[in-house]
Amino acid sequence: MIADNLERIKSELPSGVKLVAVSKFHPLSVLLEAYANGQTVFGENRPQEFASKAVQMPQDVEWHFIGHLQTNKLKLVLPYASVVESIDTEHLLDAVDAWGARNNKVINVLLEVHIGAEESKQGFMPDEVYEILSRAESGSCWPFVDFCGLMGMASHTDDEEAIAGDFARIKALFDECCSRYTGLKDFKQLSIGMSEDWRIALRYGATQVRIGTAIFGAREY
Ligand SMILES: *Cc1c(COP(=O)(O)O)cnc(C)c1O
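Each value, and the rule that gives it
- Residues numbered from 1 in each chain as written.
- Predicted model: local features only at pLDDT ≥ 70, side-chain atom pairs only at ≥ 80, totals over all residues.
- Heavy atoms only, no water.
- Helix = DSSP H or I, 4+ residues; strand = E, 2+ residues; numbered from the N terminus.
- Rg over C-alpha atoms; globule rule 2.2 N^0.38 Å.
- Buried < 20%, exposed > 50% of the residue type's maximum accessible area, 1.4 Å probe, protein only.
- Contact = heavy atoms within 4.5 Å.
- Areas by Shrake-Rupley, 256 points an atom, 1.4 Å probe, with all protein chains shown as cover.
- Lys, Arg positive; Asp, Glu negative; His and termini not counted.
- Charge placed at Lys NZ, Arg CZ, Asp CG, Glu CD.
- Near = heavy atom within 4 Å.
- Polar contact = N/O pair within 3.5 Å; in protein donor to acceptor, adjacent residues only side chain to side chain.
- Phe/Tyr/Trp six-rings, centres within 6.5 Å; stacked < 30°, edge-to-face > 60°.
- Axes fitted to C-alpha atoms, helices over the stretch in contact; angles between N-to-C directions.
- Parallel < 35°, antiparallel > 145°, perpendicular 65-115°, else oblique.
- Left-handed = near helix turned anticlockwise from the far one by under 90°.
- Nonpolar A, V, L, I, M, F, W, Y, C, P; charged D, E, K, R; others polar.
- Salt bridge = Lys/Arg side-chain N within 4 Å of Asp/Glu carboxyl O.

J.: Would you take a moment to explain the overall build of the protein chain for this structure?
T.: A count of helical and extended segments in the protein chain gives nine helices and eight strands. By the compact-globule yardstick of 17 Å for 221 residues, the protein chain fits well, its C-alpha radius of gyration being 17 Å. When each of the 221 residues of the protein chain is scored for burial, the buried share is 49%. Expressed as a percentage of contacts within the protein chain between residues at least 6 apart in sequence, the contacts between residues at least 24 apart total 59%. When the accessible surface of the protein chain is summed, it comes to about 10,400 Å², and 49% of that surface belongs to carbon and sulfur atoms. Each charge class in the protein chain can be summarised by its mean position, and for the 21 positive and 32 negative side chains these summaries are 4 Å apart.

Structure representation (structure tokens):
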């Protein structure tokens, strides 16, 4: 079933759009089944679980951290993460940079943007994104962080127009950032789209989709 789901989704993804299989809450056996069917990019959102899976899975897996990250958990995540997609405060950015400096490793990040309607959603507002990226481009801030793009989650709703509106806003912000900050050479990724809305996200220029339930089935919390 996982194999069928993967195949169906991949057949609809344009070439060049990366599928991040969100495997949070699923046991290792489930990840291994996906891996056996050719899936090598996985996303997890809890530091302890992320680290535990990262050391047990084959070494060529590309790990995306997609959850809220507290600064005291960096050592569980940064040794293994190809990218941290969920940078949501400047404090976290500072801590990631400091960890990178101590460990002589440049950390790839996406800035999480607040696009949905929910009050509680994490993420930066557009003005904060501009401010951070302009400081990053000037070269004086965060030398151990590589800014690779933006991540966002649409409103949790069945209203497709509302979802499309959220994605349109982050796409416009992404395009504006790409044209303003040409010095940020790796700023290329727009991570939008989950199980319920990835087809809509593709219409708004997603370069990565993060899909859990539609691959692995429902999670047990
Ligand atoms: C859980 C999660 C996903 C995947 O959600 P599904 O609806 O199961 O596809 C994507 N992105 C983030 C940030 C998540 O936490």
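Structure shown, so let's carry the discussion forward.
J.: Even after reading the chapter, I still don't get the site of the ligand, so can you show me in this structure?
T.: The immediate surroundings of the ligand are formed by V22, K24, I66, M153, M194, S195, R210, I211, G212, T213 and R219. In the environment of the ligand, an oxygen atom lies 2.7 Å from a nitrogen or oxygen atom belonging to the side chain of K24. In the complex, 91% of the free accessible area of the ligand, which totals 390 Å², lies under the protein chains.

J.: Sorry if this is basic, but what is going on with the packing of aromatic side chains here?
T.: Aromatic rings in a pair are described by how distant their centres are and how their planes are angled relative to each other. Taken as a whole, this structure holds five aromatic pairs when the rule is applied. Each ring, one from F50 and one from W63, has its centre 5.8 Å from the other, and the planes form 70 degrees; the classification is edge-to-face. Placement of F50 in helix α3 (residues 47-56) and of W63 in strand β3 (residues 62-65) is noted, with a sequence separation of 13 residues between them. As far as burial versus exposure is concerned, F50 and W63 are alike and both buried. Between F50 and F65 the ring centres are 5.4 Å apart and the planes differ by 90 degrees, which places this aromatic pair in the edge-to-face class. Of this pair, F50 sits in helix α3 while F65 sits in strand β3; the two residues are 15 residues apart in sequence, bridging distant segments of the chain.

J.: Just to check I follow, could you spell out the packing of helix α6 (residues 126-138) against helix α7 (residues 160-180) for this structure?
T.: Between two packed helices, what matters for the description is the angle formed by their axes and the separation of those axes. Where α6 contacts α7, the axes come no closer than 11 Å and their chain directions differ by 20 degrees. Comparing the axis directions of α6 and α7 gives the class roughly parallel. For α6 against α7, the interelement crossing comes out right-handed. Where α6 abuts α7, its residues P126, V129, Y130, L133 and E137 lie against L173, E176, C177 and R180. In terms of residue class, the contact of α6 with α7 is built from six nonpolar, no polar and three charged.

J.: How should I be thinking about the pattern of salt bridges in this particular structure?
T.: Opposite charge on two side chains permits pairing when their charged atoms draw close. Summed over all chains, the structure comprises 10 salt bridges. A salt bridge links K53 to E49; the nearest nitrogen and oxygen atoms lie 2.7 Å apart. Here E49 and K53 lie together in helix α3, a separation of four residues that amounts to about one turn. What makes K53 buried here is its relative accessible area of 5%. Judged by its relative accessible area of 14%, E49 falls in the buried class. Put simply, E44, R46, E49 and K53 are held in one network by salt bridges that share partners.

Any link to function would need more than the numbers given here.
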